[in-house]
Amino acid sequence: MAYNQFRYTVQLNMENQRCVVIGGGNVALRKTTSLLKAGANVTVIAPVILPAIVALQRNFPALTLCQRNYEKGDVAHAFLVIAATDNRNVNKAVARDATQNHCLLNVADDPDAGNFSVAGTYESGNLLFSVATGGNPRLTHLLLEDLRQQYGDDMVTFAAFLDEQRETVKQLLPGSQARQEFWRNTLTNQLLQLVKKGQLQQAKEIIIHAVNRIGAEP
């Protein structure tokens, strides 16, 4: 039975997790930036490191830079490892060591050598969309651009508004089953279509009216 090697999609809690990025170029820059924004402790190891990576230290004290060649043992205690050099032999050595140490591993120039891949993402506010196309970067880019156009600033505002209302509903309806039923009946596809059409305020008012009805019930 044929199957996609990277079919099980997860979101990881990277807070204070030790990560090692081998490489100092543009790929390493993208990977390092994403990991730091997720709260990880990141060590970058490379003989040459882009100034843009060095500049990240101003905003991310959890970034450590080691300007030298990769050495065996550098990934021994890492939770996640990214091999992002332009030297295939170095990447192979990193992959071998990371596999022996049971690390999560991504190899930039040979995805099949690792045990996870990173989907293309569109993130704005509380919204995060991930797109994986089986290794077709152009299709991934087009789909992400389509998502950006479909779900713009109004949807981001609506998602933040819903988070606030969820807290209110938790106080009014202590039971999880009652809350699930409320949102199933209130937050509908029709509401999302209103937001997409630019009728954000009308969608908000429908939610507010429904929440107020809970508060008015004896």
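Residues numbered from 1 in each chain as written. Predicted model: local features only at pLDDT ≥ 70, side-chain atom pairs only at ≥ 80, totals over all residues. Heavy atoms only, no water.

A. Looking closely at the state of the cysteines. Taken as a whole, this structure holds zero disulfides when the rule is applied. Free of any disulfide, Cys103 has its nearest neighbouring cysteine sulfur in Cys19, separated by 9.9 Å. On the accessibility criterion, Cys103 (3% relative accessible area) is buried. (Disulfide = S-S within 2.5 Å. Buried < 20%, exposed > 50% of the residue type's maximum accessible area, 1.4 Å probe, protein only.)

B. Just the pattern of salt bridges, in detail. All chains considered together, the criterion is met by seven salt bridges. A salt bridge links Asp74 to Arg68; the shortest N-O distance between them is 2.9 Å. Judged by its relative accessible area of 12%, Asp74 is buried. Look at Arg68 and you get partly exposed, because its relative accessible area is 27%. Residues joined in a network through salt bridges with shared partners are Arg68, Glu71 and Asp74. (Salt bridge = Lys/Arg side-chain N within 4 Å of Asp/Glu carboxyl O.)

C. Structural detail: unusual backbone geometry. One non-glycine residue, Asn16, lies in positive phi territory at about 65°. Its place among the elements puts Asn16 in the segment before strand E1 (18-22). Take Asn16: its relative accessible area is 52%, and that puts it in the exposed class. Positive phi, close to 60°, is recorded for His102, a residue that is not glycine. With respect to the helices, strands and loops of the structure, His102 is situated in the loop between helix H3 (88-100) and strand E5 (104-107). Classification of His102 by relative accessible area gives exposed; the value is 74%. (Helix = DSSP H or I, 4+ residues; strand = E, 2+ residues; numbered from the N terminus.)

D. Structural detail: the packing of aromatic side chains. Counted under the stated rule, the structure contains four aromatic pairs. Aromatic side chains Phe158 and Phe161 sit 6.1 Å apart centroid to centroid with 25° between the ring planes, which places their arrangement in the stacked category. Of the two residues, Phe158 and Phe161 both sit in helix H5 (residues 153-172), three residues apart, roughly one turn of that helix. Accessibility assignment for this pair places Phe158 and Phe161 in one class, buried. Ring centres of Phe182 and Trp183 lie 5.0 Å apart, and the angle between their planes is 75°; this geometry places the pair in the edge-to-face category. (Phe/Tyr/Trp six-rings, centres within 6.5 Å; stacked < 30°, edge-to-face > 60°.)

E. Examining the sheet that holds E5 more closely. Taken in spatial order, the five strands of this open sheet run E3-E2-E1-E4-E5, and their pairing is parallel. Each end of this open sheet is capped by a strand with a single partner; those strands are strand E3 (63-66) and E5. Each neighbouring strand pair of the sheet contributes to a mean axis angle of 15°, computed without reference to strand direction. Two strands pair when backbone bridges link them, and E1 and strand E2 (residues 41-45) are joined in this way by five bridges, in the parallel orientation. Its bridge partner lying in E2, Arg18 is registered against Asn41. Where H3 meets the sheet, it contacts E1, strand E4 (80-83) and E5, and its direction lies at approximately 165° from that of E5. (Pairing = 2+ DSSP bridges. Axes fitted to C-alpha atoms, helices over the stretch in contact; angles between N-to-C directions. Contact = heavy atoms within 4.5 Å.)

F. Layout of the environment of Gln165. Position of Gln165 relative to the elements: it lies in helix H5. Separated by 39 residues in sequence, Gln165 and Lys204 place their C-alpha atoms 9.8 Å apart. Other than its neighbours up to four places away in sequence, Gln165 contacts Trp183, Ile207 and Val211.

G. Fine view of a nonpolar patch on the surface. On the surface, a cluster of nonpolar side chains totalling about 370 Å² of accessible area is made up of Tyr8, Val10 and Leu12. Its place among the elements puts Leu12 in the segment before E1. (Patch = residues over 30% accessible without salt bridge, like charges linked within 9 Å, V, L, I, M, F, W, Y side chains within 5 Å. Areas by Shrake-Rupley, 256 points an atom, 1.4 Å probe, with all protein chains shown as cover.)

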